Amino acid sequence: DGVGQGRGIKCSLCTKALKKFKMLAGDSPDESAVAAALQRGCRILGRIAGKVCRWLVDKYRSQITEGLQNGDLPRDICTAMGVCRS
């Protein structure tokens, strides 16, 4: 179904973005390191993916920040935000 397909694309983009954020933020990031990673990470992903990335960041900034600071896996963070199915 179309909804499942769309969710799959968003899920893989979310996971990809979160992996990028995690790499840019480092191992035990503080809030400013995460904020910088969120800003740079979306730019690195390119125009289309970057748009989805910025939407995710705008909508879920606190959950992404918390997840990265807790050292959660990118897939787990995306699932917690409801972008990926568990």
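Every chain's residues receive numbers from 1 upward, in the order its sequence appears when written. Reporting of local features is limited, given that this is a predicted model, to residues whose pLDDT is at least 70; pairs of side-chain atoms are given and counted only at 80 or more, and all residues count toward the totals for whole chains, interfaces and linings. Here the side-chain values reflect all heavy atoms present in the structure, with hydrogen atoms and water set aside.

The name an unreviewed UniProt entry assigns to the chain is NKL protein, from the organism Prunella himalayana.

Criterion for a disulfide: a pair of cysteine sulfur atoms at a distance within 2.5 Å. One pass over the structure, following the stated rule, counts 3 disulfides. Disulfide pairing places Cys14 opposite Cys78 at an S-S distance of 2.0 Å. Note on the Cys14 and Cys78 pair: the S-S dihedral is about -95°, so by sign convention the disulfide is left-handed. One end of the pair, Cys14, is in helix 1 (residues 2-25); the other, Cys78, is in helix 4 (residues 74-80), with 64 residues separating them in the sequence. When accessible area is computed with a 1.4 Å probe and restricted to protein chains, residues below 20% of their type maximum are described as buried, those above 50% as exposed, and intermediate ones as partly exposed. Looking at Cys78, the relative accessible area reads 0%, which means it is buried. With its disulfide-bonded cysteines labelled consecutively along the sequence, the chain is connected as 1-6, 2-5, 3-4. What counts as a helix is a DSSP run of H or I of at least four residues, what counts as a strand is a run of E of at least two, and both are numbered from the N terminus.

Counting through the fold element by element, Thr15 comes out in helix 1. Contacts between residues were defined by any pair of non-hydrogen atoms, one from each residue, lying within 4.5 Å. Aside from chain neighbours lying at most four places away, what touches Thr15 is Pro74, Arg75, Cys78 and Cys84.

Bringing the side chain of Thr65 into the picture now. Its location among the elements puts Thr65 in helix 3 (residues 47-70). Apart from residues lying up to four places away in sequence, Thr65 is in contact with Glu31, Val34 and Leu38.

Let's shift gears to the packing of helix 2 (residues 31-44) against helix 3. Every axis corresponds to a line fitted to the C-alpha atoms, with the helix fit spanning only the stretch in contact, and the corresponding angles, defined between N-to-C directions, vary from 0 to 180 degrees. Close contact between helix 2 and helix 3 brings their axes to 10 Å; oriented N to C, the two are set at 160°. Here helix 2 lies roughly antiparallel to helix 3, going by the angle between them. Our pair here, helix 2 against helix 3, has a crossing hand that is right-handed. Along its contact with helix 2, which presents Glu31, Val34, Leu38, Gly41 and Cys42, the element helix 3 presents Gly50, Cys53, Arg54, Val57, Arg61, Ile64, Thr65, Leu68 and Gln69. Note that the term roughly parallel is reserved for angles under 35 degrees, roughly antiparallel for angles over 145, roughly perpendicular for angles of 65 to 115, and oblique for everything else. In this scheme the handedness of a crossing depends on how the near helix is turned from the far one: anticlockwise by less than a right angle means left-handed, clockwise means right-handed.

Cys14, Leu18, Phe21, Ile64, Leu68 and Met81 are the most contacted members of the largest nonpolar core, which has 22 residues in total. Secondary-structure elements contributing two or more residues to this core are helix 1, helix 2, helix 3 and helix 4. Of all the elements, helix 3 adds the most residues to this core, at 7 residues. If sequence neighbours within four positions are ignored, Phe21 has contacts with Ala37, Leu38, Gly41, Cys42, Cys53, Val57, Ile64 and Leu68. Buried Ala, Val, Leu, Ile, Met, Phe, Trp, Tyr and Cys residues form a nonpolar core when they are joined through side-chain atoms within 4.5 Å.

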